[in-house]
Amino acid sequence: MLGKLLKYDMKRQMKLLFAAYLVVGLVAGFSAIFRLVFRNFEDTTGVVGIVRTLVTGLAIVAVAVMVVGTFIYAVLYFRKNLFKDEGYLMHTLPVKSWQLYMSKVISSTLCSFLSILVAVAAICLAFLHIPDVADIMSGAMAVGIPKWFFIVTIIVFCIAIPANLVQFYVSLVFGYTIQTNTKTPVNRDLMSVISYIVIYMVQQVAMIGVMLVWVAMNIGKITDSKLMNAAMAGTQAPEELLQMMWGLYAISIVLMVLLSVVLSVLSVLRMEKRLNLS
Amino acid sequence: MGWKFSDDVPLYQQIMDGIKQRIATGDWVPGQKLPSVRELAVDAGVNPNTMQKALAELEREGLLYAKRTAGRFVAEREEIKGRLQEEMMQSYVKEFLGNMESLGYSLEDTVALLQKISDQEERKGE
Amino acid sequence: MEELIRCKGVSKKYGRTLGLEDLSLSIASGKIVGILGPNGSGKTTFIKVLSGLLMPEAGEVLIDGKPIGTESKALVSYLPERPYFSDAMRISEVIDFFEEFYRDFQREAAERMLQTLGLDPERKISALSKGNREKVQLILVMSRKAKVYLLDEPMGGVDPAARDFILKTILTNYNEDASVLISTHLISDVENVLDDVIFIKQGRLALYKSVDEIRMEENKSVDALFREVFAC
């Protein structure tokens, strides 16, 4: 059933995204063509230069809108499909609540990744330039930044996307399952926003807590002036410093994942017990 | 096949009356095979269980009979039709006389009125 | 004829207002039952509980012996009062959707009914009139070979011809292993089609009788009795 839901959710979201990708592709392509045609113009301040900047700028804006829009649409789709009229259909399907929820998380995460890939490709196209990743990496490694740094950064980035989606989804679930004792109808979107703020604050507090723990654990190294001077000089990243960063990274990842899981479990349970469509 | 129902008498009784009428008028002939319960129900716009109840009652009264796999049929005997017609005529006349009485017409007045109307119809025909 | 739906002591509160209070009843299969009551009486709450959209605070609900959950949802075909398809979908896509998620869905029956009504499956839901949209929803719900059909106000705001179509569809799909629950306040329209009626008043079961019983005992139609019982 999860597969069927995934297929459906992907189809629904891709319908819109495909159109957006097309537009982005066109704008980026236009920028590419412009650069190609005027590639021999050195003058960057004349008319050609200004127009080129504008065209490329437009492509960047389109890409940004597309990426942000993907995320916003994912959240709105969750709300529309599960808590508006369509919810009457979705919640009476012979599927479990957690399947409805996970299908949204997975499909929206996939769509977000896809949009990011398209964004990167579009930017490269717009600038008619593919950055030499190997070159950048070796340059960084020369300064002492190890390979794992890149890997971990990518992992954190990849986890951050669904983690953020989850935060929005959970806020919507709590906002829309609020039970009041008054007869006056409560604005559920407002409740969702409030839920989000609460969850965000909780997350920040947790992060600060983690930071404090980390500082306490590494208090010795932080107060070691020799180490700090070497780090400030920026010539070489010392081994111990890297170890500390690695620790911080690891804890952050674990915290993000834990929070996402806990929030997800809570909201699935909430949907099961307290669902009450308008 | 038009079915007309009033809402204060049990439906199954009204259905039974409706079927008796069809048999009496010759709309449904003896030995005729009836459509399925569901078809009859859909046609009359009534609950199939109600239709089933009416048909079962009519079976009990001997107006219909069922052959196990073949379905339901109108009873073969011609005298059924006669009997039904007799029953219906009685009830029509009783109802008519009752209505006339409520208007203040005695039996003689009613008979005289009937004669008068019948003469008028004859004269129109000439 | 087995017991298809069983409720025991079902209660649901909305904050301080009572939706349902200690509702207990049993509905056998092969019945067409009217759930009648004014707005806010709890009949919509009752239907939502049966469909799995609302979890009661107390009490037990069994559908064909199964508690409310994915198994019961597979047996229940629910038609809500409101449109519940995405506007952007075409009728054919909605059919695909039902076929995908409901094992008991009968595609040919749905397509046949659409054809009878002259509705082109390639049209978008958003392009349909309100009446046609409701008919499509009804067709899809009735095209499932479910055990329980829950129809919430299927005839509100629909023209008389459409109402006839709806009643005819319900009767044509009748089968002894299933039951149809119709929640409505347009009683005179459905009376002839009902086996039994359930009156829900202020969240409680006020009456549960067969239509015949009511007509014989009270000498009036269900509609008339309803007006009496629920007189303001």
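Counting starts from 1 at the beginning of each chain's written sequence and moves along it residue by residue. Chain letters and ligand numbers both follow the written order, the letters beginning at A and the numbers at 1. In view of the model being predicted, local features appear only for residues whose pLDDT reaches at least 70, and side-chain atom pairs are presented and counted only at 80 or more, with totals across whole chains, interfaces and linings using the full set of residues. Note: side-chain values were computed over all heavy atoms of the structure, leaving out hydrogens and water.

1. Looking at the domain arrangement of chain A
Residues and elements named next belong to chain A.
- Domains assigned within chain A are domain 1 (1-131) and domain 2 (143-278).
- Each partner contributes to the interface: domain 1 provides 21 residues, whereas domain 2 provides 22 residues.
- Taken as a group, Phe71, Phe83 and Tyr101 account for 33% of the area that domain 1 buries against domain 2, more than any other trio of residues on that side.
- A pair is scored as a salt bridge if a Lys or Arg side-chain nitrogen falls within 4 Å of a carboxyl oxygen belonging to Asp or Glu. Linking domain 1 to domain 2 there are 1 salt bridge.
- Put simply, Asp189 and Arg79 hold a salt bridge, and the shortest N to O gap is 2.7 Å.
- The helix count covers DSSP runs of H or I at least four residues long, the strand count covers runs of E at least two residues long, and both are numbered beginning at the N terminus. Counting residues per element, the ones that place at least two in the side of domain 1 that touches domain 2 are helix H2 (47-83), helix H3 (87-90) and helix H4 (97-127).
- Examining the composition of the side of domain 1 that touches domain 2, we find that 10 residues originate from one element, H4, more than from any other. Here the limits of each domain have been adopted from an automatic or database domain assignment. Only heavy atoms enter the contact rule, under which two residues are in contact if any of them lie within 4.5 Å. The quantity reported as buried area is the accessible area (1.4 Å probe) lost by two parts once they are put together, taken as the sum for both.

2. Let's talk about the interface of chain C and chain B
- Across the contact, 19 residues belong to chain C and 18 residues belong to chain B.
- Surface buried jointly by chain C and chain B totals about 1500 Å² across both partners, of which 50% is contributed by carbon and sulfur atoms.
- The tally of links between chain C and chain B comes to 1 salt bridge.
- Definition of a polar contact: a pair of N or O atoms within 3.5 Å, with one able to donate and the other able to accept a hydrogen when the atoms are protein atoms, and with sequence-neighbouring residues admitted only if both atoms are side-chain atoms. Where chain C touches chain B, the interface holds 13 residue pairs in polar contact (both at pLDDT 80 or more).
- Secondary structure elements with two or more residues in the side of chain C that touches chain B: helix H6 (160-172) and helix H8 (211-218) of chain C.
- Residue type decides the class: Asp, Glu, Lys and Arg count as charged, Ala, Val, Leu, Ile, Met, Phe, Trp, Tyr, Cys and Pro as nonpolar, and the leftover types, Gly among them, as polar. A per-class count over the side of chain C that touches chain B returns 6 nonpolar, 6 polar and 7 charged.

3. Some details on the sheet that holds strand S9 (residues 196-201) of chain C
All names here are of chain C.
- One open sheet accounts for 6 strands, arranged S6-S7-S8-S3-S9-S10; its pairing is mixed. Among the strands making up the open sheet, the edge pair consists of strand S6 (76-79) and strand S10 (204-210). The mean inter-strand angle of the sheet, taken between neighbouring strand axes irrespective of direction, is 15°.
- When strand S7 (residues 148-152) meets strand S8 (residues 179-184), the two strands line up parallel, connected through 5 bridges. Within S8, the residue paired with Leu150 across the bridge is Leu181.
- Axis definition: a line fit to C-alpha positions, over the contact stretch in the case of helices; interaxial angles, taken between N-to-C directions, run 0 to 180 degrees. Relative to S6, helix H5 (residues 130-142) is tilted by about 175°, and along the sheet it contacts S6 and S7. DSSP-based pairing: two strands are paired if at least 2 bridges between them are found.

4. Brief notes about the domain arrangement of chain B
All names here are of chain B.
- Domain parsing of chain B yields domain 1 (11-76) and domain 2 (79-125).
- Computed over C-alpha atoms, the centres of domain 1 and domain 2 are 29 Å apart.
- Taken together, the contact pairs 9 residues of domain 1 with 8 residues of domain 2.
- Interface area lost by domain 1 to domain 2 is led by Lys20, Ala24 and Leu63, which between them contribute 53%.
- Across the contact surface, domain 1 and domain 2 share 0 salt bridges.
- Linking domain 1 with domain 2 are 2 residue pairs in polar contact (both at pLDDT 80 or more), by the criterion used here.
- Looking at side-chain class alone, the side of domain 1 that touches domain 2 contains 4 nonpolar, 3 polar and 2 charged residues.

5. What about the state of the cysteines?
- By convention in this document, the label disulfide applies to cysteine sulfur atom pairs within 2.5 Å. Counted by the stated rule, this structure contains 0 disulfides over all chains.
- Cysteine Cys111(A) is unpaired, with the sulfur of Cys158(A) as its nearest cysteine sulfur at 15 Å.

6. Topic: the pairing of strand S3 (residues 32-36) of chain C
All names here are of chain C.
- Burial analysis of S3 places 5 of its 5 residues in the buried class, the great majority of the element.
- The alternating pattern of S3 places Ile32, Gly34 and Leu36 and Val33 and Ile35 on opposite faces, both of which are buried.
- The pairing of S3 with S8 spans 5 bridges and is parallel. Directly across from Ile32, in S8, lies its bridge partner Val180.
- Taken together, the 4 bridges between S3 and S9 define a ladder with parallel strand orientation. Note on S9: the bridge partner recorded for Ile35 is Ile198. The buried label applies to any residue whose accessible area, calculated with a 1.4 Å probe on protein chains only, is under 20% of its type's maximum; exposed applies above 50%, and partly exposed to all values in between.

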